Amino acid sequence: MNIIEFADKDQLGKAAAAFIARTIESKTDAVLGLATGGTPIDTYKELIQLHQTEQLSFKQARTVNLDEYVGIDPNHENSYMTYMKRHLFDHIDLPSDQYFLPNGAASHLEEECLRYDQLIEDLGGIDLQLLGIGQNGHIGFNEPGTPFDSKTHVVQLDEHTRQANARYFSSIDEVPTHAITMGIASILSSKKILLLASGKSKADVIQYLERTEIHPDFPASALKLHEDVTIFIDREAGSLR
Ligand code: F6R
């Protein structure tokens, strides 16, 4: 794991966008694995900026998101589909039939998980997977205890994760209890991984990630099994190292 620290979250966002841009420039039809949450918003803003001012094109790219809530429609204001449209897809030239998220409103969730794994395989695998990290070490929605050989699956969200995501809903009761997430094996089969962490609230988890042994109780430790992982943090997230 190569950890690089930036002065603040703006610098981190710029560097992460440049990293992603290099992937698309070197392979125009690259498959990008994308994440939601607060952390990548600056990165997506910068990608939009690069598209508008530097002609960065996503016309041939394909994207697959890590996860989606179960039980809410893709058009729901808090779905991850809506998040991706709002923060990225509606502002770049990525055709709408080239971005994919798990469908959390599918009537047969197990089948949906298999379909999603097959889709990733049919696309030729993920060239670059972007990740955030939860305060409990989760990646995607792979909560502590998730086996490292897991592929796309349905998860019950940890109470801690629901609390952290309640900021986007009008009350905690509205936060879905389940999600579909790519598994740890799906993430590890990406060719390259870029994990982002910013802010004081991530300082503990970054310190722990650096020092911990590889163990399913701390899902992000699985990244130590991958040979091409880059971690971009800002000074606050690195403050306990
Ligand atoms: C989002 C995801 C999650 C987040 C993590 C950090 O698609 O899979 O693992 O990356 O919960 O979220 P933020 O960035 O809001 O701190």
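Residues numbered from 1 in each chain as written. Predicted model: local features only at pLDDT ≥ 70, side-chain atom pairs only at ≥ 80, totals over all residues. Heavy atoms only, no water.

In this structure's numbering, the residues bearing the UniProt feature "active site" (unreviewed entry) are Asp67, Asn136, His138 and Glu143. If you trace the backbone, Asp67 turns up in strand β4 (residues 67-69). In this view, Asp67 contacts Thr36, Tyr80, Leu101, Pro102, Gly140, Phe141, Ile180 and Thr181; residues no more than four positions away in its chain are not counted. With respect to the helices and strands, Glu143 occurs in the loop between β6 (128-131) and β7 (153-156). Setting aside anything within four residues of it in sequence, one finds Glu143 in contact with Asn136, His138, Gln156, Leu157, Asp158, Thr161 and Pro219. A polar atom in the side chain of Glu143 sits 3.1 Å from the side chain of His138. (UniProt positions renumbered as here; feature names shortened; annotations may be inferred. Helix = DSSP H or I, 4+ residues; strand = E, 2+ residues; numbered from the N terminus. Contact = heavy atoms within 4.5 Å. Polar contact = N/O pair within 3.5 Å; in protein donor to acceptor, adjacent residues only side chain to side chain.)

A few words on the side chain of Thr230. Counting through the fold element by element, Thr230 comes out in strand β10 (residues 229-234). Residues within four places of Thr230 in sequence aside, it is in contact with Asn2, Ile4, Phe19, Ile193, Leu194 and Leu195.

Turning our attention to the pairing of strand β9 (residues 192-197). For a regular strand, side-chain orientation follows a simple rule: the groups alternate between the two sheet faces. Across the 6 residues that make up β9, a large majority, 5, are buried. Looking at chain direction, β6 and β9 are connected through 4 bridges and run parallel. Bridge pairing in β9 links Leu128 to Lys192. Strand direction decides the pairing type here: β9 and β10, joined by 5 bridges, are parallel. Looking at β10, one finds that Leu195 is bridged to Ile231. Crossover connection from β9 via helix α7 (residues 203-211) to parallel β10: handedness right-handed. (Buried < 20%, exposed > 50% of the residue type's maximum accessible area, 1.4 Å probe, protein only. Pairing = 2+ DSSP bridges. Right-handed = clockwise from strand over helix to strand, strands pointing away.)

Moving on to the packing of helix α2 (residues 41-54) against helix α3 (residues 80-87). The angle between the axes and the distance between the axes are what describe a pair of packed helices. One can describe the packing of α2 onto α3 by two numbers: an axis separation of 10 Å at closest approach and a directional angle of 45°. The orientation of α2 with respect to α3, classified from their angle, is oblique. Residue-level contacts link Ile41, Tyr44 and Ile48 of α2 to Tyr83, Met84 and His87 of α3. Of the residues belonging to the contact of α2 with α3, the class tally is 5 nonpolar, 1 polar and no charged. (Axes fitted to C-alpha atoms, helices over the stretch in contact; angles between N-to-C directions. Parallel < 35°, antiparallel > 145°, perpendicular 65-115°, else oblique. Nonpolar A, V, L, I, M, F, W, Y, C, P; charged D, E, K, R; others polar.)

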